[in-house]
Amino acid sequence: MDLIKFENFYYRYKGNEEYALNNINLKIEDNKFILLCGETGSGKTTLIRCMNGLIPQFYAGFYKGKVEFWNGKNTVETPIADLSTEIGIVFQNPENQLIAMNVEHEIAFGLENLGVPVKEISKRIKESASITEIEHILDKAPFELSGGEQQRVAIASILVLEPKILILDEPTALLDPYMANKIINLLNEIKSEKNISILISEHRLDLILPFSQQIILIKNGSIIEHGYSEQVINGINFQTLRLNKPVIYSIFSTLKKENLYNKNIPASIPEAVRSLK
Ligand SMILES: Nc1ncnc2c1ncn2[C@@H]1O[C@H](COP(=O)(O)OP(=O)(O)O)[C@@H](O)[C@H]1O
Ligand SMILES: [Mg+2]
């Protein structure tokens, strides 16, 4: 099933001459782990803003084409508040997203607004706090938390709404490598436990590639490739993008150049080991 579908979609921010998105045709399927990958300024955040109606409803600009959802809703006619329960988005800086007095209220906030019964709310809080491992900080204030904890709380407060897809825009940008690794492992657990789609824009390719099933490559506001990870990382587009490539990738592409290896470049250490056996 396609959860989100872009059709001949263009977008230009008000005041800019250039289009930030050019003729986007893209299908986001259910139950997939998808990496959105592109250089800084290529349009990743803009594309994500189009997935829950922030563009065109909140940002001033001009668009052509359409963005539709599996249930027939679209990003022009459906209020952002309605979309946000089904399309969950976590932005780079969770601090801006956390508003309540303590973590428990923060997670309950969306459900209270929806009028979900109290018993159901506490059941769902327990579940999402357990999966994100924040049960021990439920009574803390958001400003008392570390960056990694804040990011977990932001994820929990969206998971509790039981969205069809969780979208994250560079969620580890402000975290140290250890915390970044923990968040990405957490996302993988969420994916397998909840069977929802995860779409993530992420620069730490070393950490994210082992989990990604699909990769979307974006350049200058255009999708230049979208496919299975193994195919995409072995293509010329990935090779030429100016990204911080994973160590595994660099080793195996050098071996290939030297004619010491002739199979596909692996995406993870276990895959590399399998391929060498
Ligand atoms: N709120 C905005 N107003 C005007 N231009 C913007 C805005 N946000 C992003 N842009 C422009 O859109 C282009 C794509 O930016 P962005 O989507 O943030 O890229 P990325 O997330 O890949 O770094 C850039 O040229 C950027 O300057
Ligand atoms: Mg961005």
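Refer to the preceding data block for the structure.
Residues numbered from 1 in each chain as written. Chains lettered and ligands numbered in written order. Predicted model: local features only at pLDDT ≥ 70, side-chain atom pairs only at ≥ 80, totals over all residues. Heavy atoms only, no water.

Caption draft 1: Molecular detail of the environment of Leu186. On the secondary structure map, Leu186 appears in helix α7 (residues 177–194). Between the C-alpha atoms of Leu186 and Ile131, which are 55 residues apart in sequence, the distance is 8.0 Å. Those residues in contact with Leu186 that sit more than four places away from it in its chain are Ile131, Thr132, Arg152 and Ile155. (Helix = DSSP H or I, 4+ residues; strand = E, 2+ residues; numbered from the N terminus. Contact = heavy atoms within 4.5 Å.)

Caption draft 2: Quick look at the pairing of strand β1 (residues 2–13). For β1 and strand β2 (residues 21–29), the ladder comprises six bridges, and the chain directions are antiparallel. The residue bridging Phe9 from the neighbouring strand is Ile24, located in β2. Direction of pairing for β1 relative to strand β4 (residues 61–69): antiparallel, over a ladder of eight bridges. Counterpart to Ile4 in the pairing with β4 is Phe69. (Pairing = 2+ DSSP bridges.)

Caption draft 3: Representation of helix α11 (residues 247–257) in the model. Residues of α11 that are buried include every one of Ile248, Tyr249, Phe252 and Ser253, and no others. Across the axial projection of α11, the buried residues extend over an arc of 115°, all falling on one side. Relative to its buried face, α11 has exposed residues pointing more than 90 degrees away, namely Val247 and Lys257. Asn259 sits one or two positions beyond α11 and adopts a positive phi of about 60°. (Buried < 20%, exposed > 50% of the residue type's maximum accessible area, 1.4 Å probe, protein only. Arc of directions from axis to C-beta.)

Caption draft 4: Spotlight on the side chain of Thr132. Assignment of secondary structure puts Thr132 in the loop between α5 (118–131) and α6 (147–159). Exposure remark for Thr132: the relative accessible area of 0% places this residue in the buried category. At 2.6 Å, the side chain of Thr132 and the backbone oxygen of Ser128 are in polar contact. In contact with Thr132, other than residues within four places in its own chain, are Arg152, Ile155, Ala156, Leu159 and Leu186. (Polar contact = N/O pair within 3.5 Å; in protein donor to acceptor, adjacent residues only side chain to side chain.)

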